[in-house]
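One-letter residues, chain by chain:
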Amino acid sequence: MTLSGTFEGQLNGTATNVSGKVQAVTPAQVTLDGGKSYPVAQNTRFAHPVIKAVSDLKKGDFVAITAKLDATDGSLLASQVSIFPPTTNVPAGQRPMAG
């Protein structure tokens, strides 16, 4: 199983995006390959990606788009579109990803 998600920093409240293969899991934490463990709480969100098509998008959907810079014209080309359920409270905006 591969996990991808955002974990809130314990010291300063900043978010970190991580992904990797699950090596161990308890009700209190998830450990990924490489041995790094992340605490989980009752309000930790887990997502299970499902393959969709652009035709599945509809007006009003809240999405997060991962895009890469196209060196030929400077535009951003979407490489992944994540569709969130209507009840998800995710802040809108553009943020660079780590790495």
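Please read all numbers here as calculations on a predicted model, not as lab measurements.

This brings us to the overall build of the protein. Along the backbone of the protein there are zero helices and six strands. Each helix and strand of the protein, ordered N terminal to C terminal, gives the series β-β-β-β-β-β. Burial status across the protein gives 10% buried among its 99 residues. Nonlocal contacts in the protein, meaning residues at least 24 apart in sequence, comprise 15% of its contacts between residues at least 6 apart.

The subject of this paragraph is the confidence of the model for the protein. Looking at the protein, pLDDT values average 79 and 80% of them are 70 or higher. Strand 1 (residues 2-8) is the least confidently modelled element of the protein, averaging 48 in pLDDT, while strand 3 (residues 29-32) averages 93, the highest of any element. Per-residue pLDDT stays below 50 along residues 5-12; that stretch engages in 17 contacts with residues further than four places along the chain or on separate chains.

A full pass over the atoms with the stated rule returns one salt bridge. Here Asp-61 ties to Lys-58 by a salt bridge, and the two come within 3.3 Å at their closest N and O atoms. Taking relative accessible area as the criterion, Lys-58 reaches 59% and is therefore assigned exposed.

This part covers the side chain of Thr-31. Take Thr-31: it is sitting in strand 3. At a separation of 2.6 Å, a polar atom in the side chain of Thr-31 contacts the side chain of Ser-37. With residues up to four places along the chain from it excluded, the contact list for Thr-31 reads Lys-21, Val-22, Gln-23, Ala-24, Lys-36 and Ser-37.

Another point: the environment of Gly-35. Tracing the backbone shows Gly-35 in the loop between strand 3 and strand 4 (37-39). Taking relative accessible area as the criterion, Gly-35 reaches 51% and is therefore assigned exposed. Sequence spacing of Gly-35 and Ala-24 is eleven residues, and the spatial spacing of their C-alpha atoms is 9.0 Å.

Moving on, we come to the packing of aromatic side chains. Applying the stated rule across the entire model yields one aromatic pair. The ring of Tyr-38 is capped by Lys-36, whose NZ or CZ atom sits 5.8 Å from the centre of that ring.

The subject of this paragraph is a nonpolar patch on the surface. Together, Val-54, Leu-57, Ile-65, Val-81 and Ile-83 line one region of the surface with nonpolar side chains, adding up to about 440 Å² of accessible area. As for its position among the elements, Ile-65 is in strand 5 (residues 62-69). Note on Ile-65: relative accessible area 55%, which makes it exposed.

About the cut-offs
Per-chain numbering applies: the sequence of each chain, read as written, is numbered from 1 onward. Given that the model is predicted, a residue must reach a pLDDT of at least 70 before its local features are reported, and side-chain atom pairs must reach 80 or more before they are shown or counted; all residues, however, enter totals for whole chains, interfaces and linings. As a convention, hydrogens and water are excluded, and side-chain values are obtained from all of the structure's heavy atoms. For helices the rule is a DSSP run of H or I covering at least 4 residues; for strands it is a run of E covering at least 2, with both sets numbered from the N terminus onward. Under the scheme applied here, a residue whose accessible area is under 20% of the maximum for its type counts as buried, over 50% as exposed, and between as partly exposed, the area being computed with a 1.4 Å probe on protein chains only. Residue contacts are defined here by distance: any two heavy atoms, one from each residue, within 4.5 Å place the two residues in contact. pLDDT expresses how confident the predictor is about each individual residue, on a scale running from 0 to 100. Each salt bridge in this description consists of a side-chain nitrogen of Lys or Arg and a carboxyl oxygen of Asp or Glu lying within 4 Å of one another. Polar contacts here mean pairs of N or O atoms no more than 3.5 Å apart (in protein, one a potential hydrogen donor and the other a potential acceptor; neighbouring residues in sequence count only if both atoms are side-chain atoms). The criterion for an aromatic pair is that two Phe, Tyr or Trp rings (for Trp, the six-membered ring) have centres within 6.5 Å, with stacked assigned to planes under 30 degrees apart, edge-to-face to planes over 60 apart and tilted to the rest. Whether a charge lies above a ring is judged from NZ of Lys or CZ of Arg, which has to be within 6 Å of the ring centre and within 35 degrees of the ring normal. Like-charged residues are merged into a patch within 9 Å and nonpolar side chains (Val, Leu, Ile, Met, Phe, Trp, Tyr) within 5 Å, provided each residue has over 30% relative accessible area and no salt bridge. Accessible areas in this description were obtained via Shrake-Rupley with a 1.4 Å probe; residue shielding takes into account the shown protein chains only.

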